[in-house]
Structures are given as structure tokens and as C-alpha cells.
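Here is what each chain is made of, one letter per residue.
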Amino acid sequence: MAVPGKVAAFRLPPLPTIGDIIKLYRLKAQKQLSQNFLLDLRLTDKIVRQAGELKNAHVCEVGPGPGGITRSILSAGVEQLLLIEKDPRFIPGLQMLSEAAPGKVRIVHGDILTYKMEKAFPKHLTKNWEDEPPDIHIIGNLPFSVSTPLIIKWLENVSKKDGPFIYGRTQMTLTFQKEVAERLTANPGSKQRSRLSIMSQHLCTVENCFVIPGQAFVPKPEVDVAVVHFTPLVQPKIEQPFELVEKVVRSVFQFRRKYCFRGIETLFPESGRLKRTEQLMMTANVDPTLRPFQLSMSHFRNLCNTYRKMCNEDPSLFVYNYREDLKQKKKTNSLKSTSQPEQTEEEEQL
């Protein structure tokens with residue numbers, strides 16, 4: 001008998017197991033979509049617990065597949081659950097879950113990379129950026145092929161406070177290959193320190209929650225999987241536009257095994273490259289003989305702030321693209337070599 005004045009906890013009615021759903025709808029993980037199913041509901045419950053308190057929350061699950069994590073989210077007592085699934089084969093099984101939780105589930109057949117998250121949740125849930133995070137969560141067991149481009153896209157959204165972050169500092173709980181998770185959370189000096197480390201940590205608190213062994217998935221991937229939790233920071237550690245930060249960070253890590261000045265110099269055109277590189281590194285107080293993975297967040301902040309000033313003085317700097325420049329030079333050299341007459345054996349020897 002329910003206690004007076006208390007709302008009974010939501011419970012899903014008896015349902016076929018995830019394994020039965022896979023058999024019933026003849027679902028098979030597609031390698032080209034890097035799909036891996038998680039059938040153990042104890043593990044899906046553990047993933048959902050990393051998101052925090054979900055009672056009466058609004059949740060978006062990315063790529064629910066056969067619905068293992070979906071069941072755990074619904075069992076947590078959410079108010080509304082938005083499912084975004086690209087693969088049409090999973091829709092009937094998800095509709096079965098929707099019918100088991102009347103009024104709680106909305107299914108969208110679409111691609112999360114192009115889905116407009118600005119209209120995903122009710123406007124009344126919006127909170128000021130400085131306030132506590134809104135009662136909105138993004139959860140997903142991401143296919144390996146989409147995880148990195150998707151988190152970069154969402155980090156850009158965090159920087160611009162748009163997309164799912166138009167509602168405030170929306171929290172995310174996502175799965176990645178273990179190696180990618182290690183990059184996301186790597187500290188200065190760690191060999192795993194990379195572009196992803198800087199781009200995520202300057203915008204969010206990033207926590208590597210736990211590792212799921214590969215054998216827990218069907219089919220078993222060749223790598224282990226890690227669950228990572230993101231909470232956007234009130235104040236980013238580098239207060240510059242996302243595009244500028246990404247350009248500087250990408251350049252620094254372009255030659256990750258060399259001294260950092262080698263990557264930094266690719267920010268500048270060949271004419272005056274050395275002089276400008278020296279100016280940037282001296283003003284930013286960065287030792288040119290440090291390796292990229294040894295640079296701290298304050299190093300990157302100084303580099304970005306100084307580069308911004310240099311771009312303000314010479315706007316052509318920001319549009320300069322080292323790789324495009326390199327391609328053009330190769331193309332020009334190739335045309336020159338084809339237009340010249342073939343060398344004799346004697347000329348080649350000389």
C-alpha cells in the first residue's frame with residue numbers, strides 16, 4: 001500500500017529481456033556503424049547512476065539501440081525521455097518501451113550530429129549559466145565512429161552556449177573507447193595528453209567514471225569502454241572563441257613528439273614565421289623546448305590570448321591555414337616538375 005502523500009516510484013511492467021528483443025526483431029550489430037550492444041542491466045544501471053539524480057529529470061538518450069540503457073533511465077523515475085536513434089531497425093523495440101511507459105518517451109528517428117537540440121526540451125527548464133545545472137541530462141552509449149566528432153561538436157556548443165546548452169550547463173554521461181576517455185581526462189605530462197584533453201578540460205569538469213570490459217558487449221569490441229561524465233564550467237579556463245582555441249591547440253599537437261615550437265610555427269605564414277613564433281612564445285612565457293603534452297592549461301591560455309592580440313593586429317593571421325598552404329605548394333611544385341623536360345641520366349647524377 002502506497003504511503004499517503006508520496007508518489008509511488010515508477011516501475012516498468014514485465015518486458016522481454018534485451019536478448020529477447022534482439023532475437024524478436026532479428027537485430028544484428030552493424031560493423032560499419034560500430035554498434036555494440038550492452039545487455040547487462042546491472043551495467044546499464046551503473047552508467048545511469050553516474051548521471052546523478054534523475055528523478056523527474058528530462059533526459060536525451062543518444063543511440064539507444066535495443067534499449068538497455070533506456071530501461072535503466074526509465075527506472076530512475078525520469079519525467080521525460082527523448083530517444084534519438086539513427087538506425088530504423090531499433091524503432092519497433094523502442095516503441096514497445098514507449099508503450100510500457102505511457103507519456104514518458106518520445107522517439108526521434110534521426111542523426112544526433114544534425115538534430116537541433118535547441119528545441120529538445122521545455123523552455124521552463126532553462127537556468128542561468130551561473131546557476132546550478134538544469135534538470136536536463138544527455139546520456140549515451142556512443143558508437144566509436146561518432147563519439148569524437150560528436151563531443152567536439154558539443155564542446156563547441158558549450159563554448160557558444162547553444163544547442164543542448166541553451167538551457168544552461170547541461171550535464172553529459174557518455175561512453176568512449178578507453179583510450180579516448182584517457183585522452184579526455186589526461187593531465188599535463190601524460191603521454192595521453194592531446195587536443196581532446198585541452199578542448200574538453202578548458203570548458204568542462206571531465207570525470208572518467210569507470211571502465212567496462214569489452215566482453216560485456218555484444219559483439220565484443222577489440223577495446224574496453226569507459227564512461228565519462230561532463231559538467232560545463234561556469235567560467236572557461238581559456239576565454240577566447242572556440243575556433244581560435246581549437247586552431248592553436250590543433251597546431252601545437254600537430255607534431256606531438258617534437259618540441260612545441262615546431263607546431264606553434266604552423267600558425268604563421270612562411271614569411272616572418274620564425275620571428276612571429278619567437279614573439280608568440282616569449283610573450284606567452286612558454287619554453288619552446290617543452291613537448292606538446294607537457295604544456296599546462298595556463299600555457300595554452302597564454303598562447304591563445306597572445307595569438308588573439310596578434311590576430312587583432314593582423315587579421316590575415318587567423319585565416320591562414322598551414323595545411324592548405326602546404327597543399328598549394330605541393331600542387332605548384334608538381335605542375336613545375338611536369339612542365340620541365342625530363343633530365344638525362346648524367347643530369348640526375350650531377
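Being a predicted model, the structure only gives us computed values, none of them experimental.

Rules behind the numbers
- Residues numbered from 1 in each chain as written.
- Predicted model: local features only at pLDDT ≥ 70, side-chain atom pairs only at ≥ 80, totals over all residues.
- Heavy atoms only, no water.
- Helix = DSSP H or I, 4+ residues; strand = E, 2+ residues; numbered from the N terminus.
- Buried < 20%, exposed > 50% of the residue type's maximum accessible area, 1.4 Å probe, protein only.
- Contact = heavy atoms within 4.5 Å.
- UniProt positions renumbered as here; feature names shortened; annotations may be inferred.
- Axes fitted to C-alpha atoms, helices over the stretch in contact; angles between N-to-C directions.
- Left-handed = near helix turned anticlockwise from the far one by under 90°.
- Nonpolar A, V, L, I, M, F, W, Y, C, P; charged D, E, K, R; others polar.
- Phe/Tyr/Trp six-rings, centres within 6.5 Å; stacked < 30°, edge-to-face > 60°.
- Salt bridge = Lys/Arg side-chain N within 4 Å of Asp/Glu carboxyl O.
- pLDDT = per-residue confidence, 0-100.
- Pairing = 2+ DSSP bridges.

Chemist: Would you take a moment to explain the overall build of the protein chain for this structure?
Modeler: The secondary structure content of the protein chain amounts to 14 helices and 9 strands. Burial analysis of the protein chain (350 residues in total) assigns 47% to the buried set. A separation of at least 24 residues holds for 70% of the contacts in the protein chain among residues at least 6 apart in sequence.

Chemist: Hey, could you run me through the UniProt feature "binding site: S-adenosyl-L-methionine" (unreviewed entry) in the protein chain in this one?
Modeler: In the UniProt entry, the feature "binding site: S-adenosyl-L-methionine" (unreviewed entry) is given for N36, L38, G63, E85, D111 and N141. In this structure, N36 sits in the loop between α1 (18-24) and β1 (37-38). Those residues in contact with N36 that lie beyond four places of it in its chain are N141, F144, F217, V218, P219, K220 and P221. Position of G63 relative to the elements: it lies in the loop between β2 (58-62) and α3 (68-75). By relative accessible area, G63 is classed as partly exposed at 26%. Apart from residues lying up to four places away in sequence, G63 is in contact with I84, E85 and N141.

Chemist: Explain the packing of helix α8 (residues 242-252) against helix α11 (residues 297-313) here, please?
Modeler: For any two helices packed against each other, the geometry comes down to the angle between their axes and how far apart the axes lie. Running from N to C, α8 and α11 point in directions that differ by 120 degrees, and their axes come no closer than 10 Å. As α8 runs across α11, the sense of the crossing is right-handed. Across the interface between the two elements, L244, V245, K247, V248, V249 and V252 of α8 pack against F300, L303, C304, Y307 and R308 of α11. Here the residues of the contact of α8 with α11 sort into 9 nonpolar, no polar and 2 charged.

Chemist: Quick question: what am I supposed to make of the packing of aromatic side chains here?
Modeler: Each aromatic ring pair is summarised here by two numbers: the centre-to-centre distance and the angle between the ring planes. With the rule as written, the count across this model stands at 6 aromatic pairs. Both rings, one in F121 and one in Y167, keep their centres 5.5 Å apart while their planes meet at 80 degrees; by these two values the pair is edge-to-face. Of this pair, F121 sits in the loop between β4 (105-109) and β5 (136-140) while Y167 sits in the loop between α5 (144-160) and β6 (171-177), and the two are 46 residues apart along the sequence. Pair check on accessibility: F121 and Y167 agree, each one buried. For the ring pair F176 and F230, a centre distance of 6.1 Å and an interplane angle of 65 degrees mean the geometry is edge-to-face. Note that F176 is positioned in strand β6 and F230 in strand β9 (residues 225-232), a separation of 54 residues in sequence. The two residues F176 and F230 agree in class, both being buried.

Chemist: What is the right way to look at the pattern of salt bridges in this model?
Modeler: Here the idea is simple: oppositely charged side chains can pair when their charged atoms come close. Throughout the structure, instances matching the rule amount to 13 salt bridges. We note a salt bridge from E324 to K327, for which the minimum N-O separation is 3.6 Å. Within this pair, E324 and its partner K327 are both found in helix α13 (residues 322-339), separated by 3 residues, close to a single helical turn. A relative accessible area of 38% means that E324 is categorised as partly exposed. Judged by its relative accessible area of 53%, K327 is exposed. Beyond isolated ion pairs, a larger network of salt bridges with shared partners links E156, K160 and E243.

Chemist: Explain the confidence of the model for the protein chain to me, please; I cannot follow it from the model alone.
Modeler: Low pLDDT marks regions whose predicted coordinates should not be analysed in detail. Mean pLDDT for the protein chain: 89, with 87% of residues reaching 70 or above. Counting contacts from residues 1-8, a segment whose pLDDT is below 50, to residues more than four positions away or on other chains yields 0 contacts. Note that pLDDT drops below 50 for residues 344-350; the model gives that stretch 2 contacts with residues more than four away or on any other chain.

Chemist: It is not clear to me how the sheet that holds strand β3 (residues 80-85) should be interpreted in this structure. Could you clarify?
Modeler: Sheet strands pair by backbone hydrogen bonding; their relative direction is either parallel or antiparallel. Spatially, β4-β3-β2-β5-β6-β9-β7 is the arrangement adopted by the 7 strands of the open sheet, whose pairing is mixed. Each edge of the sheet is formed by a strand with only one pairing partner; in this case those strands are β4 and β7 (204-212). Neighbour to neighbour, the strand axes of the sheet diverge by 20 degrees on average, direction disregarded. Two elements, β7 and β9, share 8 bridges in a ladder whose sense is antiparallel. Paired with C204 across the strands is P232, a residue of β9.

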